Amino acid sequence: MIQYSQAELVLGNLTVALAMLERSRDFAALMPEVRVNLAYALPKAKTSRQVAAVDGRITVVRGFPRAAGPLAWGASDHMARLILEARKYSHDINAGINFKCDADIINVARQYASEHGIAFGWVDRTKEPPDIAGPDRSSMPWKVRQLITACGTVPRLFYEGEGWGKEPLFVALGKDAIEVVTTALEIARRYRRLTTDHESDG
């Protein structure tokens, strides 16, 4: 029986999850201005160098999500730090993906979370202390503590409200990359149906 290393398993899972994203025209509608990253940490990761992600992030090409570069260790700073911080409180969190946030997506995601028994939360960036609002590295522990205070746990689905110079974003967290992409794709499908209905009504 072939024994795969943890690094190979992480990269293999990420490869499958990325392929799922790149086949979804629906997900292109959830692309934020800062683009998307998908990250997955090794079981005992302590630094961003032990978290694999898409180098250059994920963008949209001809209507479909496309990775700008290869999967690489240390390719994500923000998402990696979020996963590592969240894991201090919920040990089964290993992966995450970010995507666009607006009022319709909030409603869709909240309904999805309710149906699946997933904790849902949000971070009010206007309450972020001024001394940590600037240097992004200082804000991650604060954001995770805010989520835990509000939800009693680290929610698997949450959004960050608009802050000074910050685009509002959604984040899905989970045990692996396939799980978080599955969540994001289902929200994208529901969002497409909603926006299509709106256009029909108009």
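Everything numeric here is computed off the predicted structure, so don't read it as measured data.

**Student:** Give a detailed account of the overall build of the protein, specifying residues and quantitative values.
**Tutor:** Check the secondary structure of the protein and you find seven helices and nine strands. Each of the three principal axes of the protein carries a C-alpha extent, and together these read 55 × 45 × 30 Å. Relative to all contacts within the protein whose residues are 6 or more apart in sequence, the contacts with residues 24 or more apart total 70%. Counting every atom, the protein has about 10200 Å² of accessible surface; 52% of that belongs to carbon and sulfur. Positive and negative side-chain charges of the protein, numbering 26 and 24 respectively, have mean locations separated by a distance of 5 Å.

**Student:** Which residues make up the nonpolar core, and what are the values?
**Tutor:** Grouped together as the largest cluster of nonpolar side chains are 61 residues, with contacts concentrated most on Phe27, Leu38, Ile97, Phe99, Leu157 and Phe170. Of the residues forming this core, the biggest block, eight residues, is contributed by helix H7 (residues 177–201). Residues in contact with Phe27, not counting those within four places in the same chain, are Leu21, Val36, Pro65, Ile97, Asn98, Phe99, Ala184, Leu185 and Ala188.

**Student:** An account of the side chain of Asn13 is requested, with residue identities and associated values reported.
**Tutor:** Mapped onto the fold, Asn13 is located in helix H1 (residues 6–22). Dropping the residues within four chain positions of it, Asn13 is found in contact with Tyr40, Asp176, Ala177 and Ile178.

**Student:** Which residues make up the packing of aromatic side chains, and what values go with them?
**Tutor:** According to the stated counting rule, one finds six aromatic pairs in the structure shown. Ring centres 6.5 Å apart and planes at 70° place the aromatic pair Phe27 and Phe99 in the edge-to-face group. With a gap of 72 residues between them, Phe27 in helix H2 (residues 25–28) and Phe99 in strand E6 (residues 95–100) connect regions that are remote in the sequence. Note on Phe99: relative accessible area 0%, which makes it buried. Centre to centre, the rings of Tyr159 and Phe170 are 5.4 Å apart; their planes meet at 45°, and the pair counts as tilted.

**Student:** Explain the environment of Ala150 to me, using residue names and the numbers behind them.
**Tutor:** Checked against the element boundaries, Ala150 lands in helix H6 (residues 136–151). In this structure the C-alpha to C-alpha distance between Ala150 and Ser90, which are 60 residues apart in sequence, comes to 15 Å.

**Student:** Describe in detail the pattern of salt bridges, supporting the description with residues and values.
**Tutor:** Under the criterion given, the structure shown has twelve salt bridges. A salt bridge links Glu160 to Arg125; the shortest N-O distance between them is 2.7 Å. With a gap of 35 residues between them, Glu160 in strand E8 (residues 157–160) and Arg125 in the loop between strand E7 (120–123) and helix H5 (130–133) connect regions that are remote in the sequence. Glu160 sits in the buried class, given a relative accessible area of 5%. Looking at Arg125, the relative accessible area reads 7%, which means it is buried. What emerges from the salt-bridge pattern is a single network uniting Glu115, Glu186, Arg189 and Arg190.

**Student:** Talk me through the environment of Thr196; I want residue IDs and the actual numbers.
**Tutor:** Secondary-structure assignment places Thr196 in helix H7. According to the relative accessible area criterion, Thr196 is partly exposed, its value standing at 34%. Placed 72 residues apart in sequence, Thr196 and Asp124 show a C-alpha to C-alpha distance of 30 Å.

What counts and what doesn't
- Residues numbered from 1 in each chain as written.
- Predicted model: local features only at pLDDT ≥ 70, side-chain atom pairs only at ≥ 80, totals over all residues.
- Heavy atoms only, no water.
- Helix = DSSP H or I, 4+ residues; strand = E, 2+ residues; numbered from the N terminus.
- Contact = heavy atoms within 4.5 Å.
- Areas by Shrake-Rupley, 256 points an atom, 1.4 Å probe, with all protein chains shown as cover.
- Lys, Arg positive; Asp, Glu negative; His and termini not counted.
- Charge placed at Lys NZ, Arg CZ, Asp CG, Glu CD.
- Core = buried A, V, L, I, M, F, W, Y, C linked by side-chain atoms within 4.5 Å.
- Buried < 20%, exposed > 50% of the residue type's maximum accessible area, 1.4 Å probe, protein only.
- Phe/Tyr/Trp six-rings, centres within 6.5 Å; stacked < 30°, edge-to-face > 60°.
- Salt bridge = Lys/Arg side-chain N within 4 Å of Asp/Glu carboxyl O.

Any link to function would need more than the numbers given here.
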